[in-house]
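Commentary on secondary and tertiary structure
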Amino acid sequence: MEPLLHGILLAFGLILPLGVQNIFVFTQGVTQPRLAKALPAAITAAICDTVLIVLAILGLSLIVLQFEWLRIVLLAGGILFLIYMGKVIWTSPAANVEGETSLQVRKQIVFALSVSLLNPHALLDTIGVIGTSAMKYSGEEQVMFTVACIVVSWIWFFGLAIIGANLKKIHIPTGIFILFNKCSAIFIWGTALYLFITIF
């Protein structure tokens, strides 16, 4: 029971803070005309998290933590990616509740892949925290820990899309969504700055 609770609490603790992944999935819930059309983003993000969690627990974390240069390369690439994503979000138009500016399925999947696999926070959290935390378990206990982390991830991303889709029905003024985009971009740039500072 301990591995299950540990996995649930740890996964929620890591996935809860506002981040690029969360912002993107939530925004798709808001901008798509129907909830079903926002599911590709949520499913892709959840699949990416599942793959990262499994790889981390299988030992990828040991490799990354052994090589300082690899950690720096991941951080540097992630910082550049966050700067770019911040610019995209800052300049993006307000969410259109009728779906006129919503992303098509292919673009949703590509963006979800990029914010999941090129996001240094997601990579470092998964590899550095979940991977190392799983080392204390073995056999059935490790499987329970892994499943708990994965289930939390799937529930979270579907929940974000559902919340976004329901908020759209309240008819929030366009200016609020523009402000949301600006705040999100500033947060993302702040994250990039924080990661840059941690390199040195």
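Predicted model only: the values in this text are computed from it and were never measured. (Residues numbered from 1 in each chain as written. Predicted model: local features only at pLDDT ≥ 70, side-chain atom pairs only at ≥ 80, totals over all residues. Heavy atoms only, no water.)

Things to note about the packing of aromatic side chains
Tallying each qualifying case throughout the model produces 4 aromatic pairs. When the centroid spacing of 5.9 Å and the interplanar angle of 15° are considered together, the rings of Phe24 and Phe111 count as stacked. With Phe24 in helix H2 (residues 20-31) and Phe111 in helix H5 (residues 105-117), this pair connects stretches of sequence that are 87 residues apart. Take Phe24: its relative accessible area is 8%, and that puts it in the buried class. (Phe/Tyr/Trp six-rings, centres within 6.5 Å; stacked < 30°, edge-to-face > 60°. Helix = DSSP H or I, 4+ residues; strand = E, 2+ residues; numbered from the N terminus. Buried < 20%, exposed > 50% of the residue type's maximum accessible area, 1.4 Å probe, protein only.)

Some details on the nonpolar core
Core analysis: the biggest nonpolar cluster contains 16 residues, and Val20, Leu82, Met85, Ile89, Val115 and Ile188 have the highest contact counts within it. Among the elements of the structure, H2, helix H4 (68-91), H5 and helix H8 (174-199) are those that each provide at least two residues to this core. In contact with Met85, not counting residues within four places along its chain, are Val20, Phe111 and Val115. (Core = buried A, V, L, I, M, F, W, Y, C linked by side-chain atoms within 4.5 Å. Contact = heavy atoms within 4.5 Å.)

Some points on the side chain of Gln21
Checked against the element boundaries, Gln21 lands in helix H2. Classification of Gln21 by relative accessible area gives buried; the value is 7%. A distance of 2.9 Å separates the side chain of Gln21 from the side chain of Ser116, its partner in a polar contact. (Polar contact = N/O pair within 3.5 Å; in protein donor to acceptor, adjacent residues only side chain to side chain.)

Observations regarding the packing of H2 against H5
The geometry of H2 relative to H5 is characterised by a closest axis approach of 8 Å and an angle of 160° between their N-to-C directions. Accordingly, the angle class assigned to the pair H2 and H5 is roughly antiparallel. The chirality of how H2 crosses H5 is left-handed. Packed against H2, whose contacting residues are Val20, Gln21, Phe24 and Gln28, the element H5 presents Gln108, Phe111, Ala112, Val115 and Ser116 at the interface. A class-by-class count of the residues in the contact of H2 with H5 yields 5 nonpolar, 4 polar and no charged. (Axes fitted to C-alpha atoms, helices over the stretch in contact; angles between N-to-C directions. Parallel < 35°, antiparallel > 145°, perpendicular 65-115°, else oblique. Left-handed = near helix turned anticlockwise from the far one by under 90°. Nonpolar A, V, L, I, M, F, W, Y, C, P; charged D, E, K, R; others polar.)

A closer look at a nonpolar patch on the surface
A cluster of nonpolar side chains, contributed by Leu80, Ile83, Trp90, Ile186 and Trp189, occupies part of the molecular surface with about 490 Å² of accessible area. The set of elements that each furnish at least two residues to the nonpolar patch consists of H4 and H8. Here the nonpolar patch gets 3 residues from one element, more than from any other, and that element is H4. Locating Ile83 in the fold gives a position in helix H4. (Patch = residues over 30% accessible without salt bridge, like charges linked within 9 Å, V, L, I, M, F, W, Y side chains within 5 Å. Areas by Shrake-Rupley, 256 points an atom, 1.4 Å probe, with all protein chains shown as cover. Salt bridge = Lys/Arg side-chain N within 4 Å of Asp/Glu carboxyl O.)

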